[in-house]
Amino acid sequence: MMTITIPNTWHEISIDKFPLIYDIVRDKEIDAIDREIRVISIIADIPVHEVERIRIDQLKELIKSVNFIFQMEFPKAVEVFKHNGYRWIVNYDITKLNAGDFISLAKLTESEESIIGNLPQLVAMFVKPYKLSWLKYKEVEMDYKERVEYIKSMNVGIVYPLCVFFCKLIENLYPTIEDYLVNQMKEARELIQSELNSKNT
């Protein structure tokens, strides 16, 4: 009998597998048994045809093990977590983002597909890495692209709840964001006009 190790929680599944799992779970045109086999294939890192050869009694046990995935129930969002030797702190104050960040957020969250496909990019905007130095945690200088790469190796249990929280927050803030961006553009135009006037005098 083939030995297959199956994760028991979202914390044991890397975020890079989530878009594949999400698409399968949401696809109602796929038969239930096919969905379960495909999900097992993804999280166990074995081909579908090998899962299909498993004895039915073993397959039933594996299906029970992945039931939490089809329920789509996730842990609560955290404020601090550890990953790859860093202590990561989440910034929940979205109003501290600049205009450029707001524009990036709008693009990353313009559709459900965009959100699911850009989970690491979304979370990277709100987390900062820290390391212990002389009995005190100090922020580590790390640019956005580097943070994204670190987050790609994080687990679903950390990343997805954060994205859900921020997406809900962003949805409520969109009117404020639009007003903010309009004001930023107005101020920029006024500054340019002021500089042009000073050159002409």
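Report follows, based on the coordinates. (Residues numbered from 1 in each chain as written. Predicted model: local features only at pLDDT ≥ 70, side-chain atom pairs only at ≥ 80, totals over all residues. Heavy atoms only, no water.)

1. Section: the packing of aromatic side chains
Note the threshold: For this analysis, a ring pair means two rings from Phe, Tyr or Trp (six-membered ring only for Trp) whose centres lie within 6.5 Å, classed as stacked if their planes differ by under 30 degrees, edge-to-face if by over 60, and tilted for the remaining angles. Numbered from the N terminus, helices here are DSSP runs of H or I no shorter than four residues, and strands are runs of E no shorter than two. Note on exposure labels: buried denotes an accessible area under 20% of the residue type's maximum, exposed denotes more than 50%, and partly exposed covers the range between, all computed with a 1.4 Å probe on protein chains only. Any Lys NZ or Arg CZ found within 6 Å of a ring centre and within 35 degrees of that ring's normal is scored as a charge over the ring.
According to the stated counting rule, one finds eleven aromatic pairs in the structure shown. Each ring, one from F18 and one from Y22, has its centre 5.6 Å from the other, and the planes form 45 degrees; the classification is tilted. Of this pair, F18 and Y22 both sit in helix 1 (residues 18-26), separated by four residues, roughly a single helical turn. On the basis of relative accessible area, Y22 is assigned to the buried category, the value being 9%. Judged by centre distance (5.9 Å) and plane angle (70 degrees), the rings of Y86 and W88 are edge-to-face. Across the pair, exposure class does not vary: Y86 and W88 are buried alike. Here a set of aromatic residues connected by ring pairs shows up, and it is made of W10, F18, Y22, F68, F74 and Y160. Lying over the aromatic face of Y137, R87 brings its terminal NZ or CZ to 4.7 Å of the ring centre.

2. Considerations on the packing of helix 1 against helix 2 (residues 32-44)
Cut-off, in case you're wondering: For helices, the axis comes from a line fit to the C-alpha atoms of the stretch in contact; other axes are also lines fit to C-alpha atoms, and the angle between any two N-to-C directions lies between 0 and 180 degrees. With respect to orientation, any angle under 35 degrees is reported as roughly parallel, any angle over 145 as roughly antiparallel, any angle of 65 to 115 as roughly perpendicular, and every other angle as oblique. Contact criterion: two residues are considered in contact whenever any of their non-hydrogen atoms come within 4.5 Å of each other. Each residue receives one of three labels: charged for Asp, Glu, Lys and Arg, nonpolar for Ala, Val, Leu, Ile, Met, Phe, Trp, Tyr, Cys and Pro, and polar for the others, Gly being one of them.
The contact between helix 1 and helix 2 brings their axes to 10 Å, and the two run at 175 degrees. Between helix 1 and helix 2, the angle is such that the two are roughly antiparallel. On the side of helix 1, the interface is formed by L20, I21, I24 and V25, while helix 2 contributes R35, R38, V39, I42 and I43. Residue classes in the contact of helix 1 with helix 2 are distributed as seven nonpolar, no polar and two charged.

Interpretation note: all reported values are geometric properties and have no functional meaning in isolation.
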